[in-house]
Amino acid sequence: MTAPLPIPTNDTARAEEPVQMQVQVAVPLFAISGELSYSVPTELATQAIPGMRVIIPVGKRKFVGVITANNHISSVDGTRLRPIEQILDELPLLSPEQIELCRFVASYYVAPFGEVIKLCLPPGTQALLKTAKIGKKAKLKAASHSHSQHAAQSGLVAEASPATLSPHQNTAISTILTNPPGAYLLEGVTGSGKTQVYLEVARALLAKGLSSLFIVPEIALTEQLLARLQAFLGEPVVLLHSNLTPAARREALFTLATGNARIVLGARSALFAPVKNLGLIVVDEEHEPSFKQEESPRYHARDVAIYRAKLESAIAILGSATPSLESLYNVDCGKLTHLMLPERVSGARTLPKIEVVDLRARKAHRQSQREDRAKSEGSRISILSRPLKEALAACLAAKQQALLFLNKRGYAGIVVCDTCGHMGMCKECSVSLTYYKSKNAMLCHQCGHTERATEKCPECSNDTVALGLGTERIEDEVRALFPDARTGRLDRDAVRDQSELQELLTQTQAGLIDVLIGTQMLAKGHHFPNVTLVGVVLADTALSMPDFRAAERAFHTLVQVAGRAGRGDEPARVIFQTFNPEHPAIGFARTHDTEGFVAYEKAIRAALKKPPFVRSALVRVESTDPRLAKQLAGLVADDLRVHIAHTNVGAQCQVLGPAPAPYEKLRGFTRYHLFISTLGSKLRSQLIAHIQNMDELKKSVRQKRCRLIVDVDPVHML
Ligand SMILES: [Zn+2]
Ligand SMILES: [Zn+2]
């Protein structure tokens with residue numbers, strides 16, 4: 001089968017001259033920011049349509065690129081162009097909508113077009129390829145009926161038990177299905193059955209022949225949703241995430257491109273999948289910062305999802321128990337329709353009661369501290385307060401399960417000499433090394449650098465002490481206090497891959513673990529019906545981040561962690577330990593008052609002119625030469641301020657910095673940044689373009705003496 005040749009979009013041929021086809025090709029190379037033009041040999045003309053992969057010469061080398069546009073030109077003009085050498089596919093691998101989506105992402109996030117296109121391509125095609133191999137290996141066969149591994153399994157689990165829907169769920173589903181395709185924010189308290197809403201909508205759309213795309217913030221969450229999707233929809237589900245082998249990823253993309261699967265589940269990059277007849281995009285846990293890609297192209301999956309849905313006249317549903325301020329702002333602007341699920345549908349039906357333990361008050365209890373000291377080895381004071389310990393004891397006695405949350409890995413955050421003050425720091429990064437007792441090692445959480453832990457100070461040979469807290473230490477303390485309790489740890493050190501995670505979750509669900517201790521990974525979406533106690537060991541860790549979203553993140557995390565409690569029939573307790581009980585993020589989380597927190601935080605952001613009330617960009621200059629990084633960042637800031645003054649836009653924008661980034665040195669690079677905020681996105685683009693065109697900076701980037709990073713709508717401020 002050969003696809004029909006589309007009508008040329010931009011026919012510049014003059015009437016009497018013979019015409020020839022010209023194509024624009026995006027090359028997945030960082031160095032090439034736009035598209036390149038090539039002529040098409042006559043024998044390839046009928047196949048040279050947008051979305052096809054081609055082999056093209058670039059300089060003296062050959063690359064695989066994607067045709068993004070075609071048109072006719074006079075053959076006289078065409079002689080100036082080099083011809084494409086080969087067409088690799090029989091059907092376009094990318095749809096016109098995908099190309100359009102990539103074009104938007106490239107322009108909005110200031111990323112090279114080819115780099116964005118790479119997100120749509122099967123792996124292994126961006127490098128220089130040997131022509132002979134391609135034809136056989138990566139050819140997209142029109143008649144291909146290959147299914148992914150997961151797709152093949154799923155046909156067995158087809159009958160779903162009819163779910164009883166709450167009135168709120170019914171209202172949400174009928175609103176979404178009876179209106180023209182729109183974008184929705186589905187806000188539902190933890191345990192309110194948001195997933196069931198997604199499933200019902202997807203099923204109704206499947207009946208009309210429309211596909212659905214589900215995006216989750218972490219690969220860790222795919223397994224759970226995969227099982228539900230397969231059981232409820234009775235359709236093959238294609239999984240797409242970065243842990244797939246290149247071969248599995250290629251197969252998944254080809255299955256979709258040929259229309260052989262209609263349900264896709266994956267992490268953020270799955271948004272660029274070649275889904276046919278797209279009817280629905282779901283972004284679950286839309287408030288999660290992991291939806292923002294940290295390397296180029298620095299896109300935000302939530303925003304790209306809305307754009308793609310609009311482009312393909314599909315429905316977009318953003319779901320969360322704790323919506324981001326950005327999405328709530330979009331509700332206020334009319335870009336999203338707000339749907340609410342205010343009640344739990346399963347388990348104890350009421351949200352758990354949250355108690356706050358003021359850690360400052362413990363100072364008054366010297367006696368109890370001495371007791372703590374005697375119990376935990378060494379001279380440390382236990383971080384588990386008396387109320388939390390008593391609650392743990394009661395929970396264990398009742399043969400129920402407890403979760404302890406602390407957003408720090410390792411045993412202790414700092415190893416310091418208490419004589420001279422020398423601190424174990426990473427030589428490549430400006431961060432202290434985290435101590436791991438089990439490995440007797442110190443590790444940099446930024447670059448992975450590891451060294452043996454030393455008991456003696458390398459400077460003065462006196463003893464060192466480990467300060468601060470980590471999940472490893474909490475597990476140690478729990479074991480010391482409750483020797484019979486079976487503990488498990490859920491963090492990136494203890495759980496290194498999907499199978500280890502699955503094993504730990506299965507053990508927890510089977511009741512083989514009494515106390516599960518974990519980081520952020522614990523907070524997300526897991527369903528543990530027998531958990532009746534959740535302890536937040538130190539609610540303050542998130543509050544101290546140097547980021548204007550610190551309070552919002554802390555609030556989200558606390559509500560999400562608390563939401564893990566009481567999902568079964570037993571009443572549950574939640575305890576927050578903190579040194580800042582008066583902090584609004586803690587106060588509003590304690591009463592599950594999302595509305596109250598949002599009103600408070602919105603007022604602050606509006607007053608400080610921070611997102612979502614302004615458009616923002618983070619511009620960072622990085623260099624292995626610390627002086628150059630500082631000098632260039634200063635130059636950028638000065639030049640930008642002069643430009644702003646000249647163009648008279650000072651009232652519509654703000655430039656903060658330059659300042660050293662919170663991680664001033666990372667992997668050997670010294671980093672300086674500027675924070676730009678503007679009232680509109682047009683001015684932001686204009687200011688970014690001005691920076692990119694600065695001669696001095698361009699020269700240094702070209703000579704590889706520095707790197708320029710532009711992060712549009714930044715989420716990670718470190
Ligand atoms: Zn020392
Ligand atoms: Zn490091």
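In what follows, the accompanying structure is described. Everything quoted here is computed from the prediction, not taken from an experiment.

Definitions and limits used
Residues numbered from 1 in each chain as written. Chains lettered and ligands numbered in written order. Predicted model: local features only at pLDDT ≥ 70, side-chain atom pairs only at ≥ 80, totals over all residues. Heavy atoms only, no water. Helix = DSSP H or I, 4+ residues; strand = E, 2+ residues; numbered from the N terminus. Buried < 20%, exposed > 50% of the residue type's maximum accessible area, 1.4 Å probe, protein only. Contact = heavy atoms within 4.5 Å. Areas by Shrake-Rupley, 256 points an atom, 1.4 Å probe, with all protein chains shown as cover. Pairing = 2+ DSSP bridges. Phe/Tyr/Trp six-rings, centres within 6.5 Å; stacked < 30°, edge-to-face > 60°. Lys NZ or Arg CZ within 6 Å of the ring centre and 35° of its normal. Expected span 1.5 Å × (residues − 1). Arc of directions from axis to C-beta. Donors = N, O, S within 2.8 Å, 3.2 Å for Na, K, Ca; no water. Tetrahedral: all angles 85-135°; square planar, octahedral: opposite > 155°, others 65-115°. Salt bridge = Lys/Arg side-chain N within 4 Å of Asp/Glu carboxyl O.

### Description of the overall build of the chain
Argument step 1. When its secondary structure is counted, the chain shows 22 helices and 27 strands.
Argument step 2. Counting every position in the chain, which comprises 718 residues, the buried fraction comes to 53%.
Argument step 3. For the chain, restricting intrachain contacts to residue pairs at least 6 apart in sequence, the fraction spanning at least 24 positions comes to 76%.
Argument step 4. Element-wise, carbon and sulfur atoms account for 53% of the exposed surface of the chain, whose accessible area totals about 31,300 Å².

### With respect to the sheet that holds strand β1 (residues 19-26)
Argument step 1. Taken in spatial order, the five strands make up an open sheet running β2-β1-β4-β3-β5, and their pairing is antiparallel. Only two strands of the sheet have a single partner each, and these edge strands are β2 (35-40) and β5 (86-87).
Argument step 2. For strand β3 (residues 53-58) and strand β4 (residues 61-74), the ladder comprises six bridges, and the chain directions are antiparallel. Across the sheet, the residue bridging to Val58 is Arg61, located in β4.

### Regarding the environment of Ala441
Argument step 1. Mapped onto the fold, Ala441 is located in strand β17 (residues 441-443).
Argument step 2. What makes Ala441 buried here is its relative accessible area of 8%.
Argument step 3. C-alpha separation for the pair Ala441 and Ala453, spaced 12 residues apart in sequence, amounts to 4.5 Å.
Argument step 4. Not counting the four nearest positions on each side in its chain, Ala441 is found in contact with Thr434, Tyr435, Tyr436, Thr450, Glu451, Arg452 and Ala453.

### Things to note about the packing of aromatic side chains
Argument step 1. Enumeration according to the criterion identifies 11 aromatic pairs in this entry.
Argument step 2. Every member of this aromatic cluster is reached through a ring pair, and the members are Phe104, Tyr108, Tyr109 and Tyr307.
Argument step 3. Its guanidinium or amino end placed over the ring of Tyr436, Lys439 lies 4.4 Å from that ring's centre, counting from NZ or CZ.
Argument step 4. The cationic tip of Arg707 hangs over the ring face of Phe669; the distance from NZ or CZ to the ring centre is 3.6 Å.

### Details of helix α21 (residues 681-692)
Argument step 1. For α21, with 12 residues, the first-to-last C-alpha span of 16 Å sits near the 16 Å given by 1.5 Å per residue.
Argument step 2. Listed as buried for α21 are Leu683, Arg684, Leu687, Ile688 and Ile691. Down the axis of α21, the buried set is contained in an arc of 135°. They therefore lie on one face.

### Some thoughts on the coordination of the zinc ion (ligand 2)
Argument step 1. Distances from the zinc ion (ligand 2) to its protein donors, Cys426 (SG), Cys429 (SG), Cys444 (SG) and Cys447 (SG), fall at 2.3 Å.
Argument step 2. Viewed at the metal, the four donor atoms of the zinc ion (ligand 2) are separated by angles of 106 to 112°, and the geometry they form is tetrahedral.
Argument step 3. All donor residues of the zinc ion (ligand 2) come from one chain, and their arrangement in sequence is C-x2-C-x14-C-x2-C.
Argument step 4. Given a relative accessible area of 1%, Cys444 falls into the buried group.

### Description of the pattern of salt bridges
Argument step 1. Tallied over the entire structure, the rule returns 31 salt bridges.
Argument step 2. Between Asp514 and Arg486 there is a salt bridge; the shortest N-O distance is 3.0 Å. One end of the pair, Asp514, is in the loop between α15 (498-509) and β21 (515-518); the other, Arg486, is in the loop between α14 (471-481) and β20 (487-490), and 28 residues separate them in sequence.
Argument step 3. Relative accessible area serves as the criterion here: at 14%, Asp514 is assigned to the buried category.

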